[in-house]
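# Structural overview
Here is how the chains run, residue by residue.
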Amino acid sequence: MTKYGLVVPTYQPILDAGRTAPELVETAVEAERLGLDSVWVGDTLARAPIDALTILGAFAARTSRVTLGTASLLPALRDPILTANQLLSLDLLSGGRLTVAVGAGFAGRSEPEFAFTGVPWARRRARLDDIVALWRAAWRGETSFHGPVLDYGSLPVFPAPARPGGPPVWLAAHTPGALERAGRLYDGWLPYPPDPADYAAGLAGIRSTASRPVTPALFATVLVEDDADRGTALLEEYCRRNYGMPADFVQRIQMQVTGSAAEVASQLREYAGAEHVLLRVASTEPKVFDEQLPRLAEVAAELRAA
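The text that follows walks through the structure, step by step, so that each part is easy to find. Everything numeric here is computed off the predicted structure, so don't read it as measured data. (Residues numbered from 1 in each chain as written. Predicted model: local features only at pLDDT ≥ 70, side-chain atom pairs only at ≥ 80, totals over all residues. Heavy atoms only, no water.)

With that settled, the discussion passes to the pairing of strand β2 (residues 38-41). Look at any regular strand and the pattern is simple: side chains alternate between the two faces of the sheet. Going residue by residue along β2, you find Ser 38 and Trp 40 tucked away on one face and Val 39 and Val 41 tucked away on the opposite face as well. Summarising the sheet, strand β1 (residues 3-7) and β2 pair through three bridges and their orientation is parallel. Opposite Val 7, over in β2, you have Trp 40 as the bridge partner. In this sheet, strand β3 (residues 67-73) lies alongside β2 in parallel orientation, the contact comprising four bridges. Looking at the pairing, Trp 40 lines up with Gly 69 of β3. (Buried < 20%, exposed > 50% of the residue type's maximum accessible area, 1.4 Å probe, protein only. Helix = DSSP H or I, 4+ residues; strand = E, 2+ residues; numbered from the N terminus. Pairing = 2+ DSSP bridges.)

Another point: the layout of surface pockets. Within this model, the second largest pocket holds a volume of roughly 200 Å³. When grouped by side-chain class, the residues that make up the lining of the second largest pocket number four nonpolar, four polar and three charged. (1 Å grid on protein atoms, 1.4 Å probe; cavity = no way out; pocket = protein on both sides within 12 Å on 5 of 7 lines; lining within 4 Å. Points joined across faces, edges and corners; volume = space filled by probe spheres on them. Nonpolar A, V, L, I, M, F, W, Y, C, P; charged D, E, K, R; others polar.)

Buried within helix α7 (residues 176-185) are the following residues: Ala 178, Leu 179, Arg 181, Ala 182 and Gly 183. Those residues of α7 that are buried lie in contact with α6 (124-139), β7 (169-171), β8 (188-189) and α8 (196-209). (Contact = heavy atoms within 4.5 Å.)

Here we take up the environment of Asp 290. On the secondary structure map, Asp 290 appears in helix α12 (residues 286-305). Along the chain, Asp 290 and Gln 256 lie 34 residues apart, while their C-alpha atoms are 19 Å from each other. Only 2.8 Å separates the side chain of Asp 290 from the side chain of Arg 19, close enough to count as a polar contact. (Polar contact = N/O pair within 3.5 Å; in protein donor to acceptor, adjacent residues only side chain to side chain.)

α12 packs onto helix α11 (residues 261-269) with a crossing angle of 55° between their chain directions and a minimal axis gap of 9 Å. With respect to each other, α11 and α12 are oriented oblique. Handedness of the crossing formed by α11 with α12: right-handed. Contacts from Ala 261, Ala 262, Val 264, Ala 265, Leu 268 and Arg 269 of α11 reach α12 at Arg 295, Glu 298, Val 299, Glu 302 and Leu 303. (Axes fitted to C-alpha atoms, helices over the stretch in contact; angles between N-to-C directions. Parallel < 35°, antiparallel > 145°, perpendicular 65-115°, else oblique. Left-handed = near helix turned anticlockwise from the far one by under 90°.)

So this is what it looks like as structure tokens:
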């Protein structure tokens, strides 16, 4: 059965609009109460967010059922060994509820973040794959790691993870190379293509070459609004505030949809094969976000009823 989750906004715009960090924790609690299956947070240095792993720890303490996830983490910006320990700790604290979606950065936007932490932009995809392989080696109790980018003559001894092998790690990317790597190196795939046909083709490509089970997921930006004109205007406002670009440009890159709960569900249903759908509200205004949260639960109910 397909699962549906909420992306909790933790970036500067919603904090500037008056949302507090404790209120974001309450959002995760409310998402669980409404019956959603998961809560997710992003990771960036570009807009001074609340740290992803820190707030997931707070979510772990206040929830009992939902999956906790990153959508997506930028591992290159963090020390690999310390991050392996942090992720393992989160998984243990949550009773094995953690899923880690990771990315290598978005060209044209992420280069300054790499510069902030002194990490080379070159070979970023190989670095990402190496970091994930290092995490898994540490979680398996291996004593050293030697990869194309990272080399460790010794590794710390960590506790056994909540699940054998540690938390699942998904790849958030949709390039031809990413599709091959997702099926070979990762436990899941998290893209946001605007065209369902591209999603279907990507998933078919992964399944045709995969050497391991891969969970197909989808990242969707949505605004549930019965007034079509208002929904379109709010999406435009969101894209300009969040990306500094018009909606028609952003929507050529990522999946965005507005309409009634039934209309949003209908469009999401076109992404056949998605087993976990992450829903991001297209607003950084606390009042709008709070109004949208129960409506996202409506969308999930529509999809489950189909």
